[in-house]
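Structural overview for review
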Amino acid sequence: MIPANDTVPTIEVQSLRKLYDDYLAVDGVSFSLSKGQICGLVGPNGAGKTTTMRCLAGLIRATDGVLTVAGCRVASGGANADAIELKRRLAYVPDDPPLFDDLSVQQHLDFIGRLYRVDDHAAKSDELLNRFDLTKKRHAGATTLSRGMRQKLAIACAYLYDPDVLLLDEPLTGLDPPGIRVLLASIRERAMAGATVIISSHLLAMIEDVCTHLLVMQDGQVDYFGAASDLRANFPETKSLEAAYFAMTERSPIVTFPSGSDMPTFGVVS
Ligand SMILES: Nc1ncnc2c1ncn2[C@@H]1O[C@H](COP(=O)(O)OP(=O)(O)OP(=O)(O)O)[C@@H](O)[C@H]1O
């Protein structure tokens, strides 16, 4: 374990590569995020977003690279020495969350609460059920839930143990407009309380208000990583982060590396 220290980035990724057999899905991705930052992860289908998140979560093993998440080293190649601690400090919510078919909504939260030894998990569960409009489904079985409800339950389970790092893969999929509003507000609150959040989405316009940072991927590589405000500042004529993103992709984006660092920052060839 790496000692906790607020000056150390919560997520640090250096030269991540992931091969599926001989297919290079992620090719030299580097970025870092600190406490309280919310990073929108965007890019076309097949860009490598989910693969990157799954490597960060330790669900699949990176082929190469140095990954540190919430003070835990996430191994590429050999054994993952901090695997248990990583599970305690991180939550990964996939776009189609695997739930337990035999458990009700309430039983999911009870199970997670006990597994993670959450103090007062019953009260916290009630609060989360209420917040995500699931109270009336408390005793419903997981298989009877709608897609959006499954998504909300998975997010509630993730929130229950207050992870330091939240990786949300397409969390808006299936949510109704009030559900989206609640989710985005809750993400902002989590970040204000010190969590680091990565949220992948094809709908940048929907998430841009909460994003402090943006990571744009294409063909397994980083097209842009940096503060959302920096991207906006590069395109002052644009009125939104999404518009700045489109303006960037319509011009010729390049990635620059400040001297002494392999962390990409943004540069544009006019
Ligand atoms: N298990 C796997 N085996 C082989 N190739 C895979 C595997 N998983 C993903 N890939 C490939 O890796 C590339 C990146 O996939 P990934 O799911 O990370 O993209 P993504 O950016 O999340 O896409 P989307 O926006 O469609 O969800 C794609 O070309 C995909 O076909």
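Just so we're clear, the structure is a prediction, and the values are computed from it rather than from any experiment. (Residues numbered from 1 in each chain as written. Predicted model: local features only at pLDDT ≥ 70, side-chain atom pairs only at ≥ 80, totals over all residues.)

**Quick word on the site of the ligand**
Around the ligand, a shell composed of Tyr20, Tyr23, Ala25, Gly43, Asn45, Gly46, Ala47, Gly48, Lys49, Thr50 and Thr51 is seen. For the shell around the ligand, the class distribution of residues is four nonpolar, six polar and one charged. (Near = placed C-beta within 6 Å. Nonpolar A, V, L, I, M, F, W, Y, C, P; charged D, E, K, R; others polar.)

**Considering helix α5 (residues 147-160)**
For α5, spanning 14 residues, the distance from its first C-alpha to its last is 20 Å, which sits close to the expected 20 Å at 1.5 Å a residue. Counting buried positions along α5 gives eleven out of 14 residues, so the element sits mostly inside the fold. Looking at the packing, one finds that the buried side of α5 touches β6 (90-93), α3 (105-115), α4 (121-131), β7 (165-169) and α6 (177-192). Immediately downstream of α5, the backbone of Asp162 shows phi near 50°, a positive value. (Helix = DSSP H or I, 4+ residues; strand = E, 2+ residues; numbered from the N terminus. Expected span 1.5 Å × (residues − 1). Buried ≥ 20, exposed ≤ 12 C-beta atoms within 10 Å, placed from the backbone. Contact = placed C-beta atoms within 7 Å.)

**A closer look at unusual backbone geometry**
If you check the backbone angles, Asp21 has positive phi at about 50° while not being a glycine. Of note, Asp21 is situated in the loop between β1 (11-20) and β2 (23-33). One non-glycine residue, Asp133, lies in the positive phi region at around 55°. If you trace the backbone, Asp133 turns up in the loop between α4 and α5.

**Topic: the pairing of strand β4 (residues 64-69)**
Bridge count between β1 and β4: five bridges; the pairing is antiparallel. Looking at the pairing, Gln14 lines up with Val66 of β4. Relative to strand β5 (residues 72-74), β4 runs antiparallel, the two being bridged by three bridges. Among the inter-strand pairings, Thr68 is bridged to a residue of β5, identified as Arg73. Counting the residues that bridge the hairpin from β4 to β5 gives two residues, and of these Ala70 lies at a positive phi of roughly 50°. (Pairing = 2+ DSSP bridges.)

**A closer look at the pairing of strand β10 (residues 221-227)**
Taking burial as the measure, the seven residues of β10 include five buried ones, the bulk of the element. By the bridge criterion, six bridges tie strand β9 (residues 213-218) to β10 in an arrangement that is antiparallel. Among the inter-strand pairings, Leu215 is bridged to a residue of β10, identified as Phe225. Connecting β9 to the antiparallel partner β10 that follows it, the hairpin turn spans two residues, and Asp219 within it adopts a positive phi of roughly 50°.

**Description of the sheet that holds β9**
Here we have six strands laid out as an open sheet, ordered β6-β7-β8-β3-β9-β10, and mixed in their pairing. Edge strands, defined here as strands with exactly one partner in the open sheet, are β6 and β10. If you compare each strand with its neighbour and ignore which way they point, the axes differ by 10° on average. In the packing of helix α1 (residues 49-56) onto the sheet, contacts are made with β3 (38-42), β6, β7, β8 (196-200) and β9, and the angle to β7 comes to roughly 150°. Relative to the sheet, α6 contacts β3, β7 and β8, its axis offset from that of β8 by approximately 150°. (Axes fitted to C-alpha atoms, helices over the stretch in contact; angles between N-to-C directions.)

**Here we look at the environment of Gly65**
You can see Gly65 is positioned in strand β4. We classify Gly65 as partly exposed; it has 19 C-beta atoms within 10 Å.

**Some details on the packing of α3 against α5**
Helix-helix packing: each pair is described by the crossing angle between the helix axes and the interaxial distance. Contact geometry for α3 and α5: axes closest at 9 Å, N-to-C directions at 25°. With respect to their mutual orientation, α3 and α5 come out roughly parallel. Here α3 runs over α5; the crossing is right-handed. Contacts from Val105, His108, Leu109, Ile112 and Gly113 of α3 reach α5 at Leu153, Ala156, Cys157 and Leu160. Taken together, the residues that form the contact of α3 with α5 break down as seven nonpolar, two polar and no charged. (Parallel < 35°, antiparallel > 145°, perpendicular 65-115°, else oblique. Left-handed = near helix turned anticlockwise from the far one by under 90°.)

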